[in-house]
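Chain residues, written in single-letter form:
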Amino acid sequence: TVRVRSLWRGSANQVFWIALKPAVQSDWAKGAVLMCAGVLIAGLLVLQVLIRLAERACRKEGQHKWTTKRGARLLKSLRSWNWDRVLERAWAASFLFSMV
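Quantities reported herein were computed from a predicted structural model and do not represent experimental measurements.

> Is there a simple way to explain the packing of aromatic side chains in this structure?
Each aromatic ring pair is specified by the distance between its two centres and by the angle formed by the two planes. Enumeration over the complete set of coordinates arrives at 2 aromatic pairs. On the numbers, 5.2 Å between centres and 35 degrees between planes, the contact of Trp 81 with Trp 83 is tilted. For Trp 81, a relative accessible area of 15% gives the class buried. The class for Trp 83 is partly exposed, based on a relative accessible area of 31%. Ring centres of Trp 91 and Phe 95 lie 5.5 Å apart, and the angle between their planes is 10 degrees; on these two criteria the pair is classed as stacked. Of this pair, Trp 91 and Phe 95 both sit in helix α5 (residues 83-99), 4 residues apart, roughly one helical turn. Phe 95 gets classed as partly exposed once you look at its relative accessible area, which sits at 40%.

Have a look at this one:
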């Protein structure tokens, strides 16, 4: 398996990542991710809630009431987005894509 955290820490100071970081963290990139993978993100969140409900049915303790730890991290990162700008960029990107 690929350990994302170790890759993240190892590449944090590389020149390529430093140059690419603003583009990857922009609202345009988030809009493109939302446009392409929005259904997958929603599916992942539903799956995390179902897993947590099954854990609760088996009386397994957990940190979060309605989602697993992975789902909580995803929700936390999604909450940090500036949603009006991201949705505007996703709409513009899909409009431009349909025009081409």
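> How should the nonpolar core be read in this particular structure?
Residues Ile 41, Leu 45, Leu 74, Leu 78, Trp 81 and Val 86 constitute the largest nonpolar core, which totals 6 residues. At the level of elements, α3 (27-57) and α4 (69-79) are the ones that each hand at least two residues to this core.

> Mind showing me how you'd approach the side chain of Gln 48 here?
Tracing the sequence through the fold places Gln 48 in helix α3. On the accessibility criterion, Gln 48 (4% relative accessible area) is buried. Setting aside anything within four residues of it in sequence, one finds Gln 48 in contact with Thr 67, Thr 68, Arg 70 and Gly 71.

> Mind showing me how you'd approach a nonpolar patch on the surface here?
Taken together, Val 46, Val 49, Leu 50, Leu 53 and Trp 66 make up a surface patch of nonpolar side chains, about 450 Å² in accessible area. Along the chain, Trp 66 falls in the loop between α3 and α4. A relative accessible area of 48% means that Trp 66 is categorised as partly exposed.

Reading the values: the criteria
Residues numbered from 1 in each chain as written. Predicted model: local features only at pLDDT ≥ 70, side-chain atom pairs only at ≥ 80, totals over all residues. Heavy atoms only, no water. Phe/Tyr/Trp six-rings, centres within 6.5 Å; stacked < 30°, edge-to-face > 60°. Buried < 20%, exposed > 50% of the residue type's maximum accessible area, 1.4 Å probe, protein only. Helix = DSSP H or I, 4+ residues; strand = E, 2+ residues; numbered from the N terminus. Core = buried A, V, L, I, M, F, W, Y, C linked by side-chain atoms within 4.5 Å. Contact = heavy atoms within 4.5 Å. Patch = residues over 30% accessible without salt bridge, like charges linked within 9 Å, V, L, I, M, F, W, Y side chains within 5 Å. Areas by Shrake-Rupley, 256 points an atom, 1.4 Å probe, with all protein chains shown as cover. Salt bridge = Lys/Arg side-chain N within 4 Å of Asp/Glu carboxyl O.

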